[in-house]
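Overview (structure and organization)
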Amino acid sequence: MTKQKNFGGKKNSPAITVIIAMYNTEEYIGECLESLLAQTFQDFEVIVADDASTDKSVEVVSEFVPRFEGRLKLIRLKKNSGGCGMPRNEAMKIATGKYIAFIDSDDLYKENALEYFYNVAEETGAEVVHAERQISFNETESKEHAFFDDGVTAPTFETDDIGERTEKFIEKKFAWNVLNKLFRRDFLVKHKMIFPAMTVWEDFVFLFIALIRAKKYLRVPGVFYCYRVRAASLSHKPINAVDRTKDIFTAFKAIDEAMSKIDFFDKYPEYRYKFFDWYIQNRLPAICKGFYDFDRLTNFEIDGYCRKNLFSVNPKENTSTVSYFFTKAIENKIIVEQKNSEIKKLTERLEELKKISNEIKNFRY
């Protein structure tokens, strides 16, 4: 077992703060906390941020408080935020650990997870420690898998090239969540990193910003996280198209703002555009499907919503979004004109061939 020490810049502060956003998981939060008590590394505090649960989740957590001997804090939001971001933000405000880790209230850590993450971070000076592999399980089966087979067999730093990192993110060569990772708290504080107010995908934003901000981003091999697959979890909850669209553009704004503070994206704007082009193209099918299939909105209603909520509110903040859509509209118009021109030429050629065919028929007779 690793020798226990106190870090984080304050007297008696723990090495790690483990943050758990919780909402109505009375059946699972106990197992989650048990996995923390079973850790081979115990120099950590736990902050459970309850998002106004309506079941007995809070009571379950309260029963665990004595077992953590002062290392378990429970904070409660007065109103449900609808996502994990806001509870995590509240927990980060009072976190004292040198490092911060996130775990969902229905998931588990393998017993050596915190020990490994802490040791490798200390040895390398990493600002972010990133593991790809995890175990996904439900009531009937369990399997190990990776979001992306990075081929890492030993702790390996990501390239310093922000452009290459951006392209790898677009190519889905990073697990787009904050679980199964460790973040230096002073790194998060320095860059004022918080989760945006979103229903889903807040992890996507947080991780990408960490990726383009961190000077020392470390990939590690191994399996440390156990993800519970269940239909009732927030990530599997159906979301109406209007809320989904708000989330998509909240993420757009947050990432655009982060990029605007990094010289690289001013010097090489093509990477900025490439990211947003990919992002919008990737999300548009979800928006369209939601508007038509989920909300059953008409074209007129969709147009009215976009004009009112996207392009007429805080125009200064929406400059990049409007600029993107204007550019894509022009691009699509050019493409359509080119296709129409090609169709016209093909139609004319087809008419010529028909004429030749008729002449051949007449000649035979």
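Model, not experiment: these values are computed from the prediction.

Considering helix H1 (residues 29-37)
Of all the positions in H1, only Ile29, Gly30, Cys32, Leu33, Ser35 and Leu36 are classed as buried. Close packing links the buried residues of H1 with strand S1 (16-22), strand S2 (44-50), helix H2 (57-64), strand S5 (108-109) and helix H4 (113-124).

Topic: the pairing of S1
Most of S1 sits out of view: seven of its seven residues are buried. Residues Ile16, Val18, Ile20 and Met22 of S1 are buried on one face, and the alternating residues Thr17, Ile19 and Ala21, pointing to the opposite face, are buried as well. As for the winding sense of the linkage, the β-α-β connection from S1 through H1 to S2 is right-handed.

Concerning the sheet that holds strand S10 (residues 181-184)
Strand order in the open sheet made by the eight strands is S3-S2-S1-S4-S10-S6-S11-S9, with mixed pairing throughout. With partners counted over all chains shown, the strands left at the sheet margins are strand S3 (72-76) and strand S9 (156-157), one partner each. Across three bridges, the pairing between strand S6 (residues 128-131) and S10 is antiparallel. Bridge pairing in S10 links His130 to Lys181. The strands touched by H1 are S1 and S2; relative to S1, the strand with the most contacts, the crossing angle is about 175 degrees. Along the sheet, H4 makes contact with S1, S2, strand S4 (99-102), S6, S9, S10 and strand S11 (217-220), crossing S11 at roughly 135 degrees.

Comments concerning the sheet that holds strand S7 (residues 133-137)
The four strands are arranged S5-S12-S7-S8 in an open sheet whose pairing can be described as mixed. Pairing within the sheet leaves two strands with one partner each, and these edge strands are S5 and strand S8 (142-146).

Observations concerning the pattern of salt bridges
Where side chains of opposite charge bring their charged atoms close, a pairing between them can arise. Per the counting criterion, the structure on display carries 21 salt bridges. In this structure, the salt-bridge partner of Lys261 is Glu257, at a minimum N-O distance of 3.6 Å. The exposure class assigned to Lys261 is exposed, which follows from its relative accessible area of 52%. Judged by relative accessible area, which is 45%, Glu257 ranks as partly exposed.

Some words on a nonpolar patch on the surface
Taken together, the side chains of Leu353, Ile356 and Ile360 present a nonpolar region at the surface, about 250 Å² in accessible area. Taking the relative accessible area as the measure of exposure, Ile356 reaches 41% and is therefore partly exposed.

A short note on the packing of aromatic side chains
Counting across every chain of the model gives 32 aromatic pairs. Among the aromatic residues, those joined into a cluster by ring pairs are Phe169, Phe174, Trp176, Phe204, Phe208, Tyr217, Phe252, Phe275, Phe276, Trp278 and Tyr279. Seen from the ring of Phe174, Arg219 lies directly overhead, with NZ or CZ sitting 4.2 Å from the centre.

Thresholds, definitions, all that
Residues numbered from 1 in each chain as written. Predicted model: local features only at pLDDT ≥ 70, side-chain atom pairs only at ≥ 80, totals over all residues. Heavy atoms only, no water. Buried < 20%, exposed > 50% of the residue type's maximum accessible area, 1.4 Å probe, protein only. Helix = DSSP H or I, 4+ residues; strand = E, 2+ residues; numbered from the N terminus. Contact = heavy atoms within 4.5 Å. Right-handed = clockwise from strand over helix to strand, strands pointing away. Pairing = 2+ DSSP bridges. Axes fitted to C-alpha atoms, helices over the stretch in contact; angles between N-to-C directions. Salt bridge = Lys/Arg side-chain N within 4 Å of Asp/Glu carboxyl O. Patch = residues over 30% accessible without salt bridge, like charges linked within 9 Å, V, L, I, M, F, W, Y side chains within 5 Å. Areas by Shrake-Rupley, 256 points an atom, 1.4 Å probe, with all protein chains shown as cover. Phe/Tyr/Trp six-rings, centres within 6.5 Å; stacked < 30°, edge-to-face > 60°. Lys NZ or Arg CZ within 6 Å of the ring centre and 35° of its normal.

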